[in-house]
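The primary structure of each chain is shown beneath.
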Amino acid sequence: MSYNQRKRSFVADRKNNKTKHGHGGNQRNRFNSKSRSHKKDTIHPSRFIREAAPVAQENYEARHTFDDFKISELIKTNLAKKGYKLPSPIQDQAIPEILDGHDLIGIASTGTGKTAAFAIPVINKLVLLQDSKALIVAPTRELAQQIENECKQIGKGTGLFGALLIGGSSMPRQLRDLRDNPQIVIGTPGRIKDHLERQTLDLSNFDTVVLDEVDRMLDMGFINDMTQILSEMAPARQSLFFSATMDRRVSSLINKFSNSPIEISVKSSETSENVHQNVVQYKDYRHKIEQL
Ligand code: AMP
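This is a predicted model, so every value here is computed, not measured.

Visitor: So, the overall build of the protein chain: which residues are in play, and what are the values?
Guide: When helices and strands are tallied, the protein chain shows 12 helices and 7 strands. Per-residue burial for the protein chain yields a buried fraction of 44% across its 292 residues. For the protein chain, restricting intrachain contacts to residue pairs at least 6 apart in sequence, the fraction spanning at least 24 positions comes to 71%.

Set out below in structure tokens:
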């Protein structure tokens, strides 16, 4: 049974049980036949499973098309190839400000198109100004890889060269890429700090920085790494911060390292309360990995 089939059938059963029995009592038996004799060890899944609530979508009318932006024709072609027809709200509002050279705070979560909102103008700047260099910092390897992927697609054919600095990937390759003087460096705070300490990365001539998911990086305890990284960059730089939430910690970091930033928020209508949750049974370790 595929994961999806399992998910659907379970959800359907759960709903039926709720209607019939209030607490889904039958489901407990089906789900875990030992539950009667081990009541204390069993928490019925329906107590902690929630379905993703649909996001209330406002009708947003984009003020720009990608053609309106003062970006290279090659980037426009690459966006069209990706199937991007119109800018998302964060792109519509942030791209012109970043192209004008402003510092920016984007309050936007995953799914809003925030990656392209910074990648498009940053790549355009790097293409125009060959001496310009950009650093993009993200909390996790996976996000850093996704950003790299998006940048590669948006910058395809521009001749831009980059390095991806993340844990768990080949150090010799990272060192080789850094020796080749990349114009764009994408990485996680810990690995970027490693390279700074080994003196294999010099940020003093990087004039653009993007901190993605600032709130998450703070939650993960990267405040010192982030502070060190920002302190080692060129003082005259453009700083872009993206965060799903804005609290005192986030704003104090941003205030310290930005210059009259423009704030753009697309948060309220874009984020689901929770992701879809479910419980999937497995027989043994191997089955667990397959299910995952
Ligand atoms: P992100 O919030 O950056 O993780 O992007 C979420 C998803 O939206 C990704 O799959 C993007 O490829 C896609 N996306 C971003 N911008 C656009 C756009 N203007 N049109 C269509 N899809 C987009």
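Visitor: Talk me through the pattern of salt bridges; I want residue IDs and the actual numbers.
Guide: This structure, assessed with the given rule, holds 13 salt bridges. K193 is the partner of D225 in a salt bridge, and the nearest nitrogen-oxygen pair spans 3.3 Å. Remark: K193 occurs in helix α8 (residues 189-197) and D225 occurs in helix α10 (residues 223-231); sequence separation between them is 32 residues. Between D247 and R249 there is a salt bridge whose closest N-O contact spans 3.1 Å. One network of salt bridges, in which partners are shared, links K114, D212, E213 and R216.

Visitor: Can you explain the side chain of K76? Please cite residues and give values.
Guide: As for its position among the elements, K76 is in helix α3 (residues 73-82). Setting aside residues no more than four positions away along its own chain, K76 makes contact with F66, D67, F69 and I71.

Visitor: Give me the lowdown on the layout of surface pockets, citing residues and values where you can.
Guide: Put simply, the largest pocket is a space of about 440 Å³. E148, K152, G162, A163 and L164 are, among the 21 residues lining the largest pocket, the residues nearest its centre. Elements with a minimum of two residues in the lining of the largest pocket: α6 (141-154), β3 (162-165), α7 (171-179) and β4 (184-187).

Visitor: Talk me through the pairing of strand β1 (residues 104-107); I want residue IDs and the actual numbers.
Guide: The side chains of a regular strand alternate, first on one face of the sheet and then on the other. Side-chain alternation along β1 places L104 and G106 on one buried face and I105 and I107 on a second face that is also buried. Direction of pairing for β1 relative to strand β6 (residues 238-243): parallel, over a ladder of 4 bridges. Considered in β6, the bridge of L104 is made with L240. With 4 bridges connecting them, β1 and strand β7 (residues 262-265) associate as parallel partners. Each bridged residue has a counterpart across the sheet, and for L104 the counterpart in β7 is I262.

Visitor: Before we move on, could you go through the side chain of T208 and cite the residues and values that matter?
Guide: Here T208 is to be found in strand β5 (residues 208-211). A distance of 3.4 Å separates polar atoms of two side chains, one belonging to T208 and the other to D207.

Visitor: Which residues make up the sheet that holds strand β2 (residues 134-137), and what values go with them?
Guide: Spatial strand order, β3-β4-β2-β5-β6-β1-β7: 7 strands in an open sheet with parallel pairing. Two strands close off the open sheet at either side, each with one partner strand: β3 and β7. Taking the axes of each pair of neighbouring strands and ignoring which way they run, one obtains an average angle of 10° across the sheet.

Visitor: Go over the site of the ligand with me, naming the residues and quoting the values.
Guide: Surveying the vicinity of the ligand reveals the residues F66, Y84, L86, S88, Q91, T110, G111, T112, G113, K114, T115 and E150. Contact between the ligand and G113: an oxygen atom at 2.8 Å from a main-chain N or O atom of the residue. Here K114 contributes a backbone N or O atom positioned 3.4 Å from an oxygen atom of the ligand. When the free accessible area of the ligand is taken as 490 Å², the share hidden by the protein chains comes to 66%. Among the residues making up the shell around the ligand, the classes are represented as 3 nonpolar, 7 polar and 2 charged.

Cut-offs used in this document
Residues numbered from 1 in each chain as written. Predicted model: local features only at pLDDT ≥ 70, side-chain atom pairs only at ≥ 80, totals over all residues. Heavy atoms only, no water. Helix = DSSP H or I, 4+ residues; strand = E, 2+ residues; numbered from the N terminus. Buried < 20%, exposed > 50% of the residue type's maximum accessible area, 1.4 Å probe, protein only. Contact = heavy atoms within 4.5 Å. Salt bridge = Lys/Arg side-chain N within 4 Å of Asp/Glu carboxyl O. 1 Å grid on protein atoms, 1.4 Å probe; cavity = no way out; pocket = protein on both sides within 12 Å on 5 of 7 lines; lining within 4 Å. Points joined across faces, edges and corners; volume = space filled by probe spheres on them. Pairing = 2+ DSSP bridges. Polar contact = N/O pair within 3.5 Å; in protein donor to acceptor, adjacent residues only side chain to side chain. Axes fitted to C-alpha atoms, helices over the stretch in contact; angles between N-to-C directions. Near = heavy atom within 4 Å. Areas by Shrake-Rupley, 256 points an atom, 1.4 Å probe, with all protein chains shown as cover. Nonpolar A, V, L, I, M, F, W, Y, C, P; charged D, E, K, R; others polar.

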